[in-house]
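The residues making up each chain are set out below.
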Amino acid sequence: MSVDLSVVVPAYNEEERLGPTLDAICAHLRGEPGRWGDWELIVVDDGSTDGTAKIAKAAAAEEPRIQVVSGDGNHGKGSALRLGVLSSYGRRVLITDADLATPIEELDRLDKQLAAEDSAAAIGSRAHPDSRIEVHQRRSREWLGRMGNRLIRAVAVPGIHDTQCGFKLFDGDKARAAFADSRLDGWGIDVEILRFFRREGWPVTEVPVRWSHQAGSKVKPLDYGRVLLELVRLRARAVRPVDLAVTGLFLLASVLLYKGLWTDLDRGYLADAGSDQNQWEWFFAVTADNVAHLRNPLFTTLQGYPDGVNLMANTVMLGLSVPLTPVTLLFGPTVTWALVLTLGLTATATAWYWLIARRLTTNRWAAALGGAFAAFAPPMISHGNAHPNFLVLFMIPVIIDRALRLCEGRNVVRDGVLLGLFATYQIFLGEEPLLLASMGMLLFALSYALVRRDVARTAWRPLLRGLAVAAGVCLPLVAFPLGWQFFGPQSYTSVLHGDNMGNSPLAFLEFAGRSLMGSDEGADPLAFNRTEQNAFYGWPLVALAAAIVVRLWRVALVKALAFTGVAAAFLSLGPKFRIPYTDIVLTGPWRALAHQPLFESVIESRVALICAPVLGVLIALAVDRLLATRERVNRAVGLAAVAAALVPVLPTPYPVRERAEIPAFVTEGMYSAYLSEGESVVTVPLPSPGNAEALHWQSATGLGFPVAGGYFNGPWGPERMGIYGATPRHTSNLFNDVRSNGRVPVIGPNWQAQARGDLAAWRAGVVVLAPQYNDVALYATVEKLLGRPGKRVGGMWVWDAGAERVRG
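Residues numbered from 1 in each chain as written. Predicted model: local features only at pLDDT ≥ 70, side-chain atom pairs only at ≥ 80, totals over all residues. Heavy atoms only, no water.

(A) View of the sheet that holds strand E8 (residues 204-208). Taken together, 7 strands build an open sheet; the order of strands is E3-E2-E1-E4-E7-E5-E8 and the sheet is mixed. Strands with a single pairing partner mark the edges of an open sheet, and in this sheet they are strand E3 (66-70) and E8. Going across the sheet, the axis of each strand differs from the next one's by a mean of 20°, ignoring polarity. Examined bridge by bridge, strand E5 (residues 121-125) and strand E7 (residues 167-171) share 3 bridges and lie antiparallel to one another. (Pairing = 2+ DSSP bridges. Helix = DSSP H or I, 4+ residues; strand = E, 2+ residues; numbered from the N terminus. Axes fitted to C-alpha atoms, helices over the stretch in contact; angles between N-to-C directions.)

Pasting the structure below:
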């Protein structure tokens, strides 16, 4: 059986409106029999409890082309439409609401559009500039509708301005295919059907219509919330099983890497983290404390007392530490630390996988391999010891994708706004990674523009317009935080990292210490420390990348990737570098950037991180082609070569050591008896980048006391140059020297006066010495400085040194 037109009307408790609606539809279709041909009118009773079914059956008795279909109860508009459309036989299918808010005469417009544009669907749109709204809804309902449609466009069907108008004409076969695939039962069915059409590449055209709000509408304010929930279900359903499998594998790999930390959250400490785990746990704890007490999250005096710490000028990752406040308050900062590392690494790998699968490869497993390498590459694993701001990079692929959309020029304003919001969020995750990613994107864009000038001529205008929109969105949002960072209390100009922070050329060929085939003996001499092994891709992978570039050189993308990777590698060598095995020192390209604003604070060896996604994409492209080839020998040899290059750089689990126990003096709050308002705890030695146990004492016990000194970035000297830790004083330097060499210096009146002055500057309430390396020499030094012995309290040596008594 086949008819020219099917009209589907869902009805629930419509006894007052259904009769006139059916009469109007029948009259219109009978009026032009030559145009509409054979037609059918399907009324779907969605479990009505009034006389709706009776009215529909009475109409069907008078007009045989009316059919009544009943469900087994009230399930919602989506269920009713699915039942009605799948019962239809029309070459075209019109769905319309029972209230005829859009008059049936508007079918003429939709039918002309469907034929003229060769569309698969012509949908009524109240948002079209030529539409006429004859009777408006209440302002609140219209506002909710507009907001809902904007959200729907953003997350489901970009470009369609009105998905919810209940007047749509479809190609019949395509409509039945879409509704057969649908699962939503509520108001979100419109979005699900339009997404299906988009996914299949079937054109959808919005058509201006007349529309009048009808009293007694079944759409309630809460229904907008239900639509949002259905959108969540819709997005979840769009995820392919392979996507879930890949993400699950990424999560498993991340958990295995950090298994030592997870199995002992109370005492476990990443062995190669230095003092950074203590610092990061403190960052999470102090942010949660500021949020819980509604204090400024950009500043604190709990460390570096009394001057304090500019938190915005430090890597506190407010984009995660703020939303994870409940986790930190409930379970402690160590749990937050472990979650950020594990889930951040998983999210980063998933984001790279999503970008590669979306834009570059047809095989999802090839994309998974590329995404895995981009996230689990040796330099990423190195930063995974201590720098979550360089590990949690899931926003970078999202930003790249939005920039590519700008180049397409489809919706410059929308994409520019989203890019601005994404960049804003990344700033609160990590500014230096965003700077490095911007460098990589710029290198790629310039090289690709040289290779594909035709693409560049088309893309540069929408890209620049979109970037202007993004800047207009981002800058007002970050103006105050960045102003606080660069000009607020305890701000600084740039960070002193010292010389020789660039990579050696050998660092690209050597294996990292935590790689399967690596060793600390081979990697340590080539890196600043084990958290800064910023290259170490291994010679087999470098050779594989070169072979891929040669084999795929005709591909413009490969040329641009090759230039980007090589340029980033050279920049990472620093202002000067030595040719291996010679005494020849050459000027590096980083010299031109070394003293420029922003770049002067960058550790130049980190620029090699750009090579990780470059290599990941090259691997994905090569594997995608190998899996698609029919030459079994070539496929086997190629995949074996990829495996031989990747296996040596597989990461191994992070080693964990047992952290020192917190003294009872801290855990039992004994310090409170020694501290008055505005006084600090002075530890011997003071917390610093080399030893920040005092930060763990604070974060693990509720931040009950401030400490002098600390491990953070702060200003030093009249130039306000950035250094790691608080401004050193003579007494703090003395403590560090004694702990290092174990020798007690000669202490005379000058040293004692200096100590009193420094304790006054720190507003010391108590001086404490915990058990540690060279603690005997440290005790003797403090005893001579203060002129009295300490008391053994709660597992520590304690000297009562209230600020008022020191000044007296």
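More follows now that the structure is in view.
(B) Spatial organisation of the packing of helix H4 (residues 77-86) against helix H7 (residues 172-181). With their axes 9 Å apart at the nearest point, H4 and H7 run at an angle of 140° to one another. The angle between H4 and H7 places the two elements in the oblique class. The two elements H4 and H7 meet at a crossing, and its hand is left-handed. Every residue of H7 that contacts H4 at Leu81, Arg82, Val85 and Leu86 is listed here: Ala175, Arg176, Phe179 and Ala180. (Parallel < 35°, antiparallel > 145°, perpendicular 65-115°, else oblique. Left-handed = near helix turned anticlockwise from the far one by under 90°. Contact = heavy atoms within 4.5 Å.)

(C) Representation of the environment of Asn74 within the structure. With respect to the helices and strands, Asn74 occurs in the loop between E3 and H4. Relative accessible area serves as the criterion here: at 42%, Asn74 is assigned to the partly exposed category. Considered as a pair, Asn74 and Ser48 are 26 residues apart in the sequence and their alpha carbons are 7.0 Å apart. Reaching out from Asn74, the side chain makes a polar contact with the side chain of Asp46 at a distance of 2.8 Å. (Buried < 20%, exposed > 50% of the residue type's maximum accessible area, 1.4 Å probe, protein only. Polar contact = N/O pair within 3.5 Å; in protein donor to acceptor, adjacent residues only side chain to side chain.)

(D) Spatial organisation of the pairing of strand E2 (residues 39-45). Buried residues dominate E2, accounting for 7 of its 7 residues. For strand E1 (residues 3-11) and E2, the ladder comprises 7 bridges, and the chain directions are parallel. When the sheet's bridge partners are listed, Val8 is paired in E2 with Ile42. The parallel pair E2 and E3 is bridged by helix H3 (residues 52-62), and the resulting crossover is right-handed. (Right-handed = clockwise from strand over helix to strand, strands pointing away.)

(E) Spatial organisation of the packing of helix H21 (residues 431-451) against helix H22 (residues 453-487). Closest axis-to-axis distance for the H21/H22 pair is 12 Å, and the angle between their directions is 165°. Taken together, the axes of H21 and H22 are roughly antiparallel relative to one another. For the element pair H21 and H22, the recorded crossing hand is left-handed. Residues Glu431, Tyr448, Ala449, Leu450 and Val451 of H21 pack against Arg453, Val455, Ala456, Leu482 and Gln485 of H22.

(F) Structural context of helix H32 (residues 775-786). Its 12 residues give H32 an end-to-end C-alpha distance of 16 Å, which sits within 8% of 16 Å, the value for a rise of 1.5 Å per residue. For H32, the full list of buried residues reads Ala777, Leu778, Tyr779, Thr781, Val782, Leu785 and Leu786. Where H32 is buried, its residues meet helix H30 (730-741), helix H31 (749-761), strand E19 (764-769) and strand E21 (796-800). (Expected span 1.5 Å × (residues − 1).)

(G) Spotlight on the side chain of His28. On the secondary structure map, His28 appears in helix H1 (residues 18-31). Within the local environment of His28, its side chain forms a polar contact with the side chain of Asp108, the two groups lying 3.1 Å apart. In this structure, His28 is in contact with Trp36, Ile104, Glu105 and Asp108, ignoring residues within four places of it in sequence.

(H) Examining the pattern of salt bridges more closely. Summed over the entire model, instances satisfying the criterion amount to 36 salt bridges. Note that Glu63 is salt-bridged to Arg65, the shortest N-O span being 3.0 Å. Since its relative accessible area comes to 33%, Arg65 is described here as partly exposed. Each of Arg358, Arg359, Asp401, Arg405, Glu408 and Arg410 takes part in one network of salt bridges that share partners. (Salt bridge = Lys/Arg side-chain N within 4 Å of Asp/Glu carboxyl O.)

(I) Structural context of the pairing of strand E16 (residues 680-683). Residue alternation in E16 divides its side chains into two sets, Ser680 and Val682 and Val681 and Thr683, and both sets are buried. Here E16 pairs with E19 via 4 bridges, running parallel. When the bridges of E19 are listed, Ser680 appears paired with Ala764.

(J) Here's a closer look at unusual backbone geometry. Residues Tyr305 and Pro306 are joined by a peptide bond in cis, for which omega reads 5°. Here Pro306 is to be found in the loop between strand E11 (299-300) and strand E12 (309-310). Pro685 follows Val684 through a cis peptide bond whose omega is -10°. Structurally, Pro685 can be placed in the loop between E16 and helix H29 (693-700).

(K) Layout of a nonpolar patch on the surface. A contiguous nonpolar patch, built from Leu249, Leu252, Leu256 and Trp365 and spanning about 410 Å² of accessible area, is present on the exposed surface. Among the elements that make up the nonpolar patch, the one with the highest residue count is helix H10 (residues 241-257) (3 residues). By the secondary structure assignment, Leu249 is in helix H10. (Patch = residues over 30% accessible without salt bridge, like charges linked within 9 Å, V, L, I, M, F, W, Y side chains within 5 Å. Areas by Shrake-Rupley, 256 points an atom, 1.4 Å probe, with all protein chains shown as cover.)

(L) Highlighting helix H19 (residues 395-408). Between its first and last C-alpha atoms H19 spans 20 Å; for 14 residues at 1.5 Å apiece the expected length is 20 Å, and the two agree. Extensive coverage of H19 is indicated by the burial of 10 of its 14 residues. All buried positions along H19 are accounted for by Met395, Ile396, Pro397, Ile399, Ile400, Asp401, Arg402, Ala403, Arg405 and Leu406. Summarising the contacts, the buried residues of H19 are in contact with helix H15 (333-359), helix H20 (412-427), H21 and H22. Phi turns positive, to about 70°, at Gly409, one or two residues after H19.

(M) The state of the cysteines, seen in detail. Applying the stated criterion to the full structure yields 0 disulfides. Note on Cys407: no disulfide assigned, nearest cysteine sulfur contributed by Cys474 at a separation of 18 Å. In this structure Cys407 comes out as partly exposed when scored by relative accessible area, which is 25%. (Disulfide = S-S within 2.5 Å.)

(N) Quick peek at the packing of aromatic side chains. Applying the stated criterion across every chain, the model contains 21 aromatic pairs. Here the aromatic rings of Tyr779 and Trp799 are separated by 5.4 Å at their centres, their planes lie at 40°, and the arrangement is tilted. Of this pair, Tyr779 sits in helix H32 while Trp799 sits in strand E21, and the two are 20 residues apart along the sequence. What links up through ring pairs into an aromatic cluster is the set Phe170, Phe179, Phe196, Phe197 and Trp202. (Phe/Tyr/Trp six-rings, centres within 6.5 Å; stacked < 30°, edge-to-face > 60°.)

Any functional reading would require information beyond the geometric quantities listed.
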